[in-house]
Amino acid sequence: MNTHRISDNIHYIGVNDRTTERFETLWPLPYGVSYNSYLVTGSDKAAIIDGVEVSHALQQIDAITEILGDRKPDYLVINHMEPDHSGAIRILRQAFPDIIIVGNAQTIAMVNGYYGVADNTLIVKDGDTLSLGEDSSLKFLLTPMVHWPETMVTYFDKEKTLFSGDAFGCFGALNGAVIDSDMDTAVYFPEMIRYYSNIVGKYGQFVQRALKKLEGVEISTICSTHGPVWRQQISKVVDLYDRLSRYEPLDNGVTIVYGSMYGNTERMAEAAAQALAEAGIKNIVVRNASKTDLSYIIADLFTHAGVIIAAPTYSDGLFPPVDAVMTAMSVRGLKNRRIAIMGSHTWAPMAIKKMSAHLEACGLEPITEPVAAKQAPSADILAKCRELAASLAATLG
Ligand code: FEO
């Protein structure tokens, strides 16, 4: 059974999913994902905090029974209703008919809307507490839009533990250990950037509000809904979420995203990459938008300070895979980037126009004039691509 002791009063009762190909049927899961759930026991009451995805319900129930024996859980606290955490609610209620479902008003409405469960619920407000017995209680803090409107976090004062919902979470199943100090966490940090930028990236201002709300709360353990329990590396994780949610680049590197049907636009991207390297930029990632999954490109864009986008015109518009990248940028309101664009066409010069419109939607201004190639890029055009890249490099210090 996948139970782990986190502390005297907290057990991990979550599950690993190494089967699902794509999270939300969108985002690839090469390392799997964990749906974290916790059991908190006080002298009088026991509370499950966060649930699991429906196909893992029986595994979670077995874990609860293994820890509690004949005792039954009294509460199910729902920090977040997305079905990766709420899918097992109805099965849990069948196993433990008296369990009280705890959430804020929006949560409880969603429990009914998704699962037709409306009885035996407890609605909590921001700052409310729930006693689990002598010296121990749970406190609820509403953190809307991290990542849905009903999201909240739960604080267990006795052990200074924050149950943070999706916040501070990452992709990647847990490989035996659960707490960061018991494992090599290297794989989880790139997956945290990919998780944040793709799933929560649109809601930076709300993450910032949540971080402000948590200032002054003494936290020794973070139990999020995905990935390791953070204890040793709390400051690193909080700092990463803080920087990402302020749309602050993590380094002075450059992401080059290009689309190319027959290699002509690709030559422009290659020329720019070479010029960046010659200008001393070491961290350069060149992505073919037709091949690399969008989620990795979004993560790159959230990581690097510089961006070059190159794409051909296609059917009087922008080449679709690059259009998808630029739409993803504007949906997430990507800011604070040095950016330059290059376009190509055979007879109708639409790519630059469309890229410019995307940048305007983002509020991003190109650092220099775009480079446009008609048909194959000439030596002059390739020289301009190199000049564009050199100009970008100069802005990155
Ligand atoms: Fe892990 Fe927004 O659900």
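Quick note: structure is the one above.
Residues numbered from 1 in each chain as written. Predicted model: local features only at pLDDT ≥ 70, side-chain atom pairs only at ≥ 80, totals over all residues. Heavy atoms only, no water.

For the rest of this paragraph, the subject is the overall build of the chain. Within the chain, the regular secondary structure consists of 12 helices and 22 strands. A principal-axis box enclosing the C-alpha atoms of the chain has dimensions of 80 × 40 × 35 Å. The proportion of buried residues among the 397 residues of the chain is 59%. For the chain, long-range pairs separated by at least 24 residues make up 71% of all intrachain contacts whose partners lie at least 6 apart in sequence. (Helix = DSSP H or I, 4+ residues; strand = E, 2+ residues; numbered from the N terminus. Buried < 20%, exposed > 50% of the residue type's maximum accessible area, 1.4 Å probe, protein only. Contact = heavy atoms within 4.5 Å.)

Mapping L39 onto the fold places it in strand β7 (residues 38-41). The residues contacting L39, other than those within four sequence positions of it, are N9, I10, H11, I13, A47, I48, I67 and L68.

On to the sheet that holds strand β15 (residues 161-165), then. The mixed open sheet is built from 5 strands, whose spatial order is β12-β13-β14-β15-β16. Each of the sheet's edge strands pairs with one partner strand only, and the pair in question is β12 (129-133) and β16 (221-224). Between one strand and the next, the sheet's axes are offset by a mean angle of 20 degrees, whatever the strand orientation. With 5 bridges joining them, strand β13 (residues 136-142) and strand β14 (residues 152-156) adopt antiparallel strand pairing. Bridging across to β14, L138 finds its partner in F156. (Pairing = 2+ DSSP bridges. Axes fitted to C-alpha atoms, helices over the stretch in contact; angles between N-to-C directions.)

With respect to topology, 7 strands assemble into an open sheet ordered β1-β2-β7-β8-β9-β10-β11, the strand pairing being mixed. The sheet terminates laterally at β1 (4-5) and β11 (121-123), the two strands that pair on one side only. Pairing of β1 with strand β2 (residues 10-12), which is carried by 2 bridges, proceeds in the antiparallel orientation. Bridge assignment links H4 to a residue of β2, and that residue is Y12. Set on the sheet, helix α4 (residues 105-115) makes contact with β10 (100-103) and β11; between it and β10 the angle comes to about 130 degrees.

Where helix α5 (residues 188-200) meets helix α9 (residues 294-303), the axes come as close as 8 Å, and the angle between the chain directions of the two elements is 95 degrees. It follows that α5 is roughly perpendicular to α9 by the angle criterion. Contacts between α5 and α9 involve I193, R194, Y196, S197 and N198 on the former and, on the latter, S295, Y296, I298, A299, F302 and T303. (Parallel < 35°, antiparallel > 145°, perpendicular 65-115°, else oblique.)

Side-chain pairs of opposite charge can arise whenever the charged atoms involved come near each other. Under the criterion given, the structure shown has 11 salt bridges. R22 is the salt-bridge partner of D293, the closest N and O atoms lying 3.1 Å from each other. Taken together, the positions of D293 in the loop between β18 (284-288) and α9 and R22 in strand β4 (residues 22-23) put the pair 271 residues apart, joining distant regions of the chain. With relative accessibility at 18%, the residue D293 sits in the buried group. With its nearest N and O atoms 2.7 Å apart, the salt bridge here joins R246 to E248. Judged by its relative accessible area of 36%, R246 falls in the partly exposed class. (Salt bridge = Lys/Arg side-chain N within 4 Å of Asp/Glu carboxyl O.)

The tendency in soluble globular proteins is for nonpolar side chains to be buried as a group. In this structure, I309 and M329 are the most contacted members of the largest nonpolar core, which totals 89 residues. The biggest single contributor to this core is α5, with 8 residues. Each of domain 1 (4-245) and domain 2 (251-391) contributes no fewer than three residues to this core. In this structure, I309 is in contact with V257, V322, M326, M329, I339, A340, I341, M342 and M355, ignoring residues within four places of it in sequence. Y258, L276, A305 and I308 belong to the second-largest nonpolar core, a separate cluster that totals 26 residues. (Core = buried A, V, L, I, M, F, W, Y, C linked by side-chain atoms within 4.5 Å. Domains from an automatic or database assignment.)

Right, let's get into a nonpolar patch on the surface. A cluster of nonpolar residues, M261, Y262 and Y314, forms a patch on the protein surface that exposes about 380 Å² of accessible area. According to the relative accessible area criterion, Y262 is exposed, its value standing at 73%. (Patch = residues over 30% accessible without salt bridge, like charges linked within 9 Å, V, L, I, M, F, W, Y side chains within 5 Å. Areas by Shrake-Rupley, 256 points an atom, 1.4 Å probe, with all protein chains shown as cover.)

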